[in-house]
Amino acid sequence: MAKKIIGRKDIANFPELSLQQVAIKIDTGAYTSSIHCDDFKEINGQLHCRFIDSKNKKNNYQSLVINNYKKIKVKSSNGGVEERYQIKSKIELFHKTYQISLSLTDRSTMKNPVLIGRKFLNKKFIVDTDLNNLSFKAQT
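These numbers were taken from a predicted model, which means no experiment stands behind them. Counting restarts for each chain, with residues numbered from 1 along the sequence as it is written. Confidence filtering applies because this is a predicted model: local features only for residues at pLDDT of at least 70, side-chain atom pairs given and counted only at 80 or more, and all residues used for totals across whole chains, interfaces and linings. Side-chain numbers here rest on the full set of heavy atoms in the structure, without hydrogens or water.

Asker: Help me get a handle on the overall build of the protein chain, residues and values and all.
Answerer: Segments assigned H or I by DSSP are reported as helices when at least four residues long, segments assigned E as strands when at least two residues long, and all are numbered from the N terminus. Helices and strands together make up the secondary structure of the protein chain, namely 2 helices and 11 strands. Along the chain direction, N to C, the helices and strands of the protein chain fall in the order β-β-β-β-β-β-β-β-β-β-α-β-α. Here the C-alpha atoms of the protein chain give a radius of gyration of 15 Å, agreeing with the 14 Å that 2.2 N^0.38 yields for 140 residues. To sort residues, take the accessible area from a 1.4 Å probe on protein chains only and compare it with the maximum for the residue type: under 20% means buried, over 50% means exposed, and anything in between is partly exposed. The buried share of the protein chain, reckoned over its 140 residues, is 40%. The contact criterion used is simple: two residues touch if any of their non-hydrogen atoms lie within 4.5 Å. Within the protein chain, counting contacts between residues at least 6 apart in sequence, those at least 24 apart form 58% of the total. Atoms counted for the radius of gyration: C-alpha only. Globule rule: 2.2 Å times residue count to the power 0.38.

Below you can see the structure in the form of structure tokens.
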């Protein structure tokens, strides 16, 4: 399969999370992908989550209950290790749906609610940092 060129930023859909046109940042320095989730708690073997995209009002406050999740350890660029919940979901890019693993974290101080790491990009995409929104432009 030929690799698709993706820019450093884009806009993607997450159909299983009911999130549309979410800003994503491509980060080849990050291994895992993460999504902004400001409120999540484990109750009776289920993960209750609230996803927020404050830049896109129609995505505000999507509450979901997730049964398939696990805890992982994520090492940050400053060397610290943080335990996070990880879920499996789907992402739509370039008119195609891909499986993606996302760790849940508070990204409210970041410019983009989603960070896409190498684990997802590997064998599917080549990153051109001069470009932006290639997938989104292909939809319009």
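So much for the structure itself; the text now carries on.
Asker: Tell me what's going on with the packing of aromatic side chains, and back it up with residues and numbers.
Answerer: Any two rings among Phe, Tyr and Trp, with Trp reduced to its six-membered ring, count as a pair given centres within 6.5 Å; such a pair is stacked if its planes are under 30 degrees apart, edge-to-face if over 60, and tilted if neither. Inspection of every chain in the model, using the stated rule, returns 6 aromatic pairs. Taken together, a centroid distance of 6.1 Å and an interplanar angle of 35 degrees make the contact between Phe 94 and Phe 125 tilted. Of the two residues, Phe 94 is situated in the loop between strand 8 (81–93) and strand 9 (96–105) and Phe 125 in strand 11 (residues 125–127); the sequence distance between them amounts to 31 residues. Comparing Phe 94 with Phe 125, the two get one shared label, buried. Here a set of aromatic residues connected by ring pairs shows up, and it is made of Phe 94, Tyr 98, Phe 120 and Phe 125. Think of it as a cone above the ring: NZ of Lys or CZ of Arg counts as a charge over the ring if it is within 6 Å of the ring centre and within 35 degrees of the ring normal. In this arrangement the basic side chain of Lys 124 is found over the ring face of Phe 120, its NZ or CZ atom lying 4.7 Å from the centre.

Asker: Before we move on, could you go through the state of the cysteines and cite the residues and values that matter?
Answerer: When two cysteine sulfur atoms lie within 2.5 Å, the pair is treated as a disulfide. The tally for this structure, following the rule as stated, stands at 0 disulfides. Cys 49 carries a free sulfur, and the closest cysteine sulfur to it, the one in Cys 37, is 4.5 Å from it. By relative accessible area, which is 4% here, Cys 49 ends up buried.

Asker: Kindly report on the side chain of Ser 89, identifying the contributing residues and their values.
Answerer: Along the chain, Ser 89 turns up in strand 8. Since its relative accessible area comes to 0%, Ser 89 is described here as buried. In this structure Ser 89 touches Glu 16, Leu 17, Tyr 98, Gln 99, Ile 100 and Leu 102, once residues within four positions along its chain are discounted.

Asker: For the nonpolar core, give the residues involved together with the corresponding values.
Answerer: Take the buried Ala, Val, Leu, Ile, Met, Phe, Trp, Tyr and Cys residues and link them wherever side-chain atoms come within 4.5 Å; each set so joined is a nonpolar core. One finds Phe 14, Phe 51 and Leu 93 to be the most contacted residues of the largest nonpolar core, which totals 29 residues. Looking at this core, the elements that each hand over two or more residues are strand 2 (9–14), strand 3 (19–26), strand 4 (33–43), strand 5 (46–51), strand 8, strand 9, strand 10 (114–116) and helix 1 (118–121).

Asker: With reference to specific residues and values, describe the pairing of strand 8.
Answerer: When DSSP finds two or more bridges between a pair of strands, those strands are recorded as paired. With 7 bridges joining them, strand 7 (residues 69–75) and strand 8 adopt antiparallel strand pairing. Bridge pairing links Lys 75 to Val 81 in strand 8. Connecting strand 7 to the antiparallel partner strand 8 that follows it, the hairpin turn spans 5 residues, and Gly 79 within it adopts a positive phi of roughly 95 degrees. The sheet contact formed by strand 8 and strand 9 spans 8 bridges and is antiparallel. Bridging from a neighbouring strand, Gln 86 pairs with Ser 103 of strand 9.

None of this, on its own, says anything about what the molecule does.
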